[in-house]
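Below, each chain spelled out in residue letters.
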Amino acid sequence: MFGLFKSGPVLDEESIHWLFDIYGWALDQFDAQRFFADTRLVLPTNEDFPGRENSPQGMADLILDQVAGYAGLGHWPIKAVNEASFEPLPSEAFTRIGRERGKDLEAISPSAVGGFIPVPFEVDMVMNPEALIASYAHVLSHYLGSMAEKSPPGGAENWAMASEVLGVILGFGVMMANSAFHAPGGCGSCNARMVARSS
């Protein structure tokens with residue numbers, strides 16, 4: 001029937017090799033043993049993300065704490081910051097954090113990094129927790145990835161994709177995939193600009 005049911009490969013060979021290389025880079029840079037022992041597939045469910053707060057800021061903080069915990073970064077001094085007032089920390093602040101991940105690590109004092117590590121969020125995204133989780137996972141992966149001793153395969157031009165794959169490796173693949181594309185326009189809570197991207 002006109003080739004409607006013929007299917008080609010989902011990815012080209014070069015992309016497949018790059019993905020394997022990114023996984024290898026992540027395992028090499030961020031403790032393969034920790035990945036195999038502690039990383040789990042995180043799901044956008046009430047079981048994985050319990051609790052409720054009465055304000056957008058409260059919900060943003062609650063979800064960020066949960067995302068950081070699953071990523072093994074709960075010891076980082078992080079804080080959800082409204083995107084309108086977000087100012088990133090200078091890159092040298094991250095050299096004092098270290099690349100270690102794990103639930104058993106001692107909390108890092110905010111003074112060690114010159115203040116809290118800001119993680120931006122859009123207020124409208126609080127109404128779309130799955131997109132908010134994906135955004136947080138991507139930002140935390142960006143911060144973590146920037147501390148690698150070696151650059152990821154593909155260089156700077158592929159950094160956004162590399163940090164996104166790192167978010168998948170940290171366990172947030174379902175949310176990353178489910179928020180991979182948002183049609184432009186629509187209501188404010190449906191159009192999460194910080195995670196909108198083509199798949």
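Note: the structure precedes this text.
Keep in mind it's a predicted model, so treat the numbers as computed, not measured. (Residues numbered from 1 in each chain as written. Predicted model: local features only at pLDDT ≥ 70, side-chain atom pairs only at ≥ 80, totals over all residues. Heavy atoms only, no water.)

**Student:** Before we go on, may I ask you to explain helix α3 (residues 56–70) in this structure?
**Tutor:** Because an α-helix completes one turn every 3.6 residues, residues spaced three or four positions apart along the sequence face the same direction. The end-to-end C-alpha distance of α3 is 21 Å, a good match for the 21 Å that 15 residues give at a rise of 1.5 Å each. Listing the buried residues of α3 in full gives G58, M59, A60, L62, I63, L64, Q66, V67 and A68. Residues of α3 that are buried make contact with β1 (78–82), β2 (117–121), α4 (129–145) and α5 (159–178). Directly beyond the C-terminal end of α3, a positive phi value near 80° is found at G72. (Helix = DSSP H or I, 4+ residues; strand = E, 2+ residues; numbered from the N terminus. Expected span 1.5 Å × (residues − 1). Buried < 20%, exposed > 50% of the residue type's maximum accessible area, 1.4 Å probe, protein only. Contact = heavy atoms within 4.5 Å.)

**Student:** What's the story with the packing of α4 against α5 in this structure? I'm lost.
**Tutor:** Between two packed helices, what matters for the description is the angle formed by their axes and the separation of those axes. Where α4 contacts α5, the axes come no closer than 8 Å and their chain directions differ by 140°. Read as a crossing pair, α4 and α5 show a hand that is right-handed. Side by side, α4 and α5 meet where E130, I133, A134, A137, H138, S141, H142, L144 and G145 of the first sit next to W159, A160, S163, E164, L166, G167, L170, F172, V174, M175, M176 and N178 of the second. When grouped by side-chain class, the residues that make up the contact of α4 with α5 number twelve nonpolar, seven polar and two charged. (Axes fitted to C-alpha atoms, helices over the stretch in contact; angles between N-to-C directions. Left-handed = near helix turned anticlockwise from the far one by under 90°. Nonpolar A, V, L, I, M, F, W, Y, C, P; charged D, E, K, R; others polar.)

**Student:** Just to check I follow, could you spell out the nonpolar core for this structure?
**Tutor:** Within soluble globular proteins, side chains that are nonpolar generally end up buried alongside one another. V67, W76, I117, Y136, L140 and F172 are the most contacted members of the largest nonpolar core, which totals 52 residues. Going through the elements one at a time, α1 (13–29), α3, β1, β2, α4 and α5 are the ones with two or more residues in this core. Ranked by residue count, the leading element in this core is α4, at ten residues. When residues no more than four places from it in sequence are discounted, the contact partners of V67 are F49, I133, Y136, A137, L140 and F172. (Core = buried A, V, L, I, M, F, W, Y, C linked by side-chain atoms within 4.5 Å.)

**Student:** Would you take a moment to explain the pairing of β2 for this structure?
**Tutor:** Side-chain direction in a regular strand flips from residue to residue, so the side chains alternate between the two faces of the sheet. With five of five residues buried, β2 is to be regarded as a mostly interior element. On β2, burial covers both faces: I117, V119 and F121 on one face and P118 and P120 on the other are all buried.

**Student:** When you look at the pattern of salt bridges in this model, what are you seeing that I'm missing?
**Tutor:** Side-chain pairs of opposite charge can arise whenever the charged atoms involved come near each other. Counting across every chain of the model gives five salt bridges. As a salt-bridge pair, D28 and K150 come within 3.9 Å of each other at their nearest N and O atoms. With D28 in helix α1 and K150 in the loop between α4 and α5, this residue pair connects regions lying 122 residues apart in the sequence. We note a salt bridge from D48 to R40, for which the minimum N-O separation is 2.8 Å. When its relative accessible area of 7% is taken as the criterion, D48 is described as buried. Here the salt bridges do not stand alone but share partners, grouping R34, D38 and D104 into one network. (Salt bridge = Lys/Arg side-chain N within 4 Å of Asp/Glu carboxyl O.)

**Student:** Which parts of the structure should I look at to understand the environment of M147?
**Tutor:** Here M147 lies in the loop between α4 and α5. Along the chain, M147 and R99 lie 48 residues apart, while their C-alpha atoms are 6.4 Å from each other. The contact partners of M147, leaving out residues within four places of it in the chain, are W76, F94, I97, G98 and R99.

**Student:** Just to check I follow, could you spell out the environment of F116 for this structure?
**Tutor:** You can see F116 is positioned in the loop between β1 and β2. Assessed through its relative accessible area of 45%, F116 is described here as partly exposed. Along the backbone, F116 and P77 are 39 residues apart, and their C-alpha atoms lie at a distance of 5.2 Å. Excluding its chain neighbours within four sequence positions, the residues that come into contact with F116 are P77, I78, K79, L89 and P110.

Nothing here speaks to function; it is geometry throughout.
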